[in-house]
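# Structural description and commentary
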Amino acid sequence: MAQETDEVDRIVDAWLRQRPDLDFSPLEVLSRVDRLSRHLDRSRREAFRRSDLESWEWDVLSALRRAGEPYQLSPKQLLQQTLVSSGTMTNRIDRLVGRRLVRREADPDDGRSILVTLTADGRTRVDAAITRLVDAEAILLESLSRAEAERLAALLRKLSLGFDG
């Protein structure tokens, strides 16, 4: 049975004809990762849009939701989880406060500091978004068996650790 080919196969085959002296195996993996990333970005944007959220709002709200009751973190903790600058985080918090998705509260342990707390509306939106997100991402993986998806996750984790470490 002939193996199905995709656009990456066609690109690599064309390059092999032009540059047979090169090993194109990295392109065979990473060009597919790049293409899948674009599909994933579109799928995520749509899941967030359906919950009336921007991607950056999702980043902040999901960090708060994952923190568990009472769904609050310091701005510094939010910075560490979202990897943006302090000024950007301040602006994001301001905008989320304006949308009533979070509120600022005095830190009871340090009167000079604040905590950012997820509101009931923020929790409703982030919960709807995560439900839509996992449903959309399951569709992207439906051509893989559970075992194949787990193996792919393990391989991608191994690759990712090389960059994160």
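From a predicted model like this one, the values you see are computed outputs, not experimental measurements.

### With respect to the overall build of the chain
For the chain, the count of helices and strands is seven helices and three strands. Reading the chain from its N terminus to its C terminus gives the helix and strand order α-α-α-β-α-α-β-β-α-α. Taken over the C-alpha trace, the chain has a radius of gyration of 21 Å; the compact-globule value for 165 residues is 15 Å, which it surpasses by more than 25%. For the chain, the spread of C-alpha atoms along the principal axes amounts to about 65 × 30 × 25 Å. The contacts of the chain with a sequence gap of at least 6 include a subset with a gap of at least 24, amounting to 49%. Accessible surface for the chain amounts to roughly 11700 Å². Of this, 52% is attributable to carbon and sulfur atoms. Across the chain, 28 positive and 29 negative side-chain charges occur, with their mean positions spaced 3 Å apart.

### A few points about the pairing of strand β3 (residues 110-118)
Across two bridges, the pairing between strand β1 (residues 72-73) and β3 is antiparallel. Note on β3: the bridge partner recorded for L73 is V116. In this sheet, β3 lies alongside strand β2 (residues 102-107) in antiparallel orientation, the contact comprising six bridges. Across the sheet, the residue bridging to E105 is L115, located in β3. In textbook terms, the turn of a hairpin is the stretch between consecutive antiparallel strands, and for β2 and β3 this stretch comprises two residues.

### Focus: the UniProt feature "domain: HTH marR-type" (unreviewed entry) in the chain
Per the UniProt entry, the sites bearing "domain: HTH marR-type" (unreviewed entry) are residues 26-161 in this numbering. Secondary structure over residues 26-161 splits into 70% helix and 12% strand, and the C-alpha atoms at its two ends are 17 Å apart.

### Description of the packing of helix α3 (residues 55-66) against helix α5 (residues 86-98)
In a packed pair of helices, the relevant descriptors are the angle between the two axes and the axis-to-axis distance. Remark: α3 packs on α5, axes separated minimally by 11 Å, with the N-to-C direction vectors making an angle of 90 degrees. In this view, α3 runs roughly perpendicular relative to α5, as classed from their interaxial angle. The segment α3 lies against α5, with W56, E57, V60 and L61 engaging M89, R92, R95 and L96. Per-class residue counts for the contact of α3 with α5 are five nonpolar, no polar and three charged.

### Description of the pattern of salt bridges
Enumeration according to the criterion identifies 17 salt bridges in this entry. Where D127 meets R65, a salt bridge forms, and the shortest distance between an N and an O atom there is 2.7 Å. Here D127 is found in helix α6 (residues 120-140), whereas its partner R65 is found in helix α3, with 62 residues between them in sequence. D127 gets classed as partly exposed once you look at its relative accessible area, which sits at 25%. The class of R65 is partly exposed, set by a relative accessible area of 24%. A network of salt bridges, in which partner residues are shared, links D52, E57, R99, D121 and R125.

### Some words on the nonpolar core
Counting residues in hydrophobic clusters, the biggest one holds 22 residues, and the most contacted among them are L61, L64, L78 and L96. Elements that contribute at least two residues to this core include exactly α2 (25-50), α3, α5, β3 and α6. Per element, the largest residue contribution to this core is six residues, and it comes from α3. Those residues in contact with L78 that sit more than four places away from it in its chain are V60, A63, L64, L73, M89, I93 and V116.

The rules behind these values
Residues numbered from 1 in each chain as written. Predicted model: local features only at pLDDT ≥ 70, side-chain atom pairs only at ≥ 80, totals over all residues. Heavy atoms only, no water. Helix = DSSP H or I, 4+ residues; strand = E, 2+ residues; numbered from the N terminus. Rg over C-alpha atoms; globule rule 2.2 N^0.38 Å. Contact = heavy atoms within 4.5 Å. Areas by Shrake-Rupley, 256 points an atom, 1.4 Å probe, with all protein chains shown as cover. Lys, Arg positive; Asp, Glu negative; His and termini not counted. Charge placed at Lys NZ, Arg CZ, Asp CG, Glu CD. Pairing = 2+ DSSP bridges. UniProt positions renumbered as here; feature names shortened; annotations may be inferred. Axes fitted to C-alpha atoms, helices over the stretch in contact; angles between N-to-C directions. Parallel < 35°, antiparallel > 145°, perpendicular 65-115°, else oblique. Nonpolar A, V, L, I, M, F, W, Y, C, P; charged D, E, K, R; others polar. Salt bridge = Lys/Arg side-chain N within 4 Å of Asp/Glu carboxyl O. Buried < 20%, exposed > 50% of the residue type's maximum accessible area, 1.4 Å probe, protein only. Core = buried A, V, L, I, M, F, W, Y, C linked by side-chain atoms within 4.5 Å.

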